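Fold and geometry: a report
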Amino acid sequence: MPKKTLRQLRREKDFTQEKLASIAGVTTRTISNYETIPGSLKSAKYETVSKLAKALGVTVDDIFLH
């Protein structure tokens, strides 16, 4: 099964970048960078990816390994 991008996961939850950022405790710019700059998510701290996963109700692998 193909992995989904952070943007796809966010949209499935009907979250704006601002809402996801608020729930995960990161900046909107961080979300924007992870969604638009290739490779930026792969260099993210595990703690940040974990916060995003929790906010989206998915596992870290669901976000990180796409």
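Look up a bit, the structure's there.
One structure accompanies this document, and this report is about it. Treat the numbers as computed from the prediction; the structure is a model and nothing was measured. (Residues numbered from 1 in each chain as written. Predicted model: local features only at pLDDT ≥ 70, side-chain atom pairs only at ≥ 80, totals over all residues. Heavy atoms only, no water.)

Next up on the list: the side chain of Thr48. Mapped onto the secondary structure, Thr48 falls in helix α4 (residues 46–56). Given a relative accessible area of 16%, Thr48 falls into the buried group. Residue contacts for Thr48: discarding those within four places in its chain leaves Val26 and Tyr34. (Helix = DSSP H or I, 4+ residues; strand = E, 2+ residues; numbered from the N terminus. Buried < 20%, exposed > 50% of the residue type's maximum accessible area, 1.4 Å probe, protein only. Contact = heavy atoms within 4.5 Å.)

It is worth spelling out helix α3 (residues 28–36) at this point. One turn of an α-helix holds 3.6 residues; hence residues three or four places apart share an orientation. Those residues of α3 that fall on the buried side of the exposure criterion are Ile31, Tyr34 and Glu35. Viewed along the axis of α3, the buried residues span an arc of 95°, placing them on a single side of the element. Contacts from the buried residues of α3 go to α1 (6–12), α2 (17–24) and α4. (Arc of directions from axis to C-beta.)

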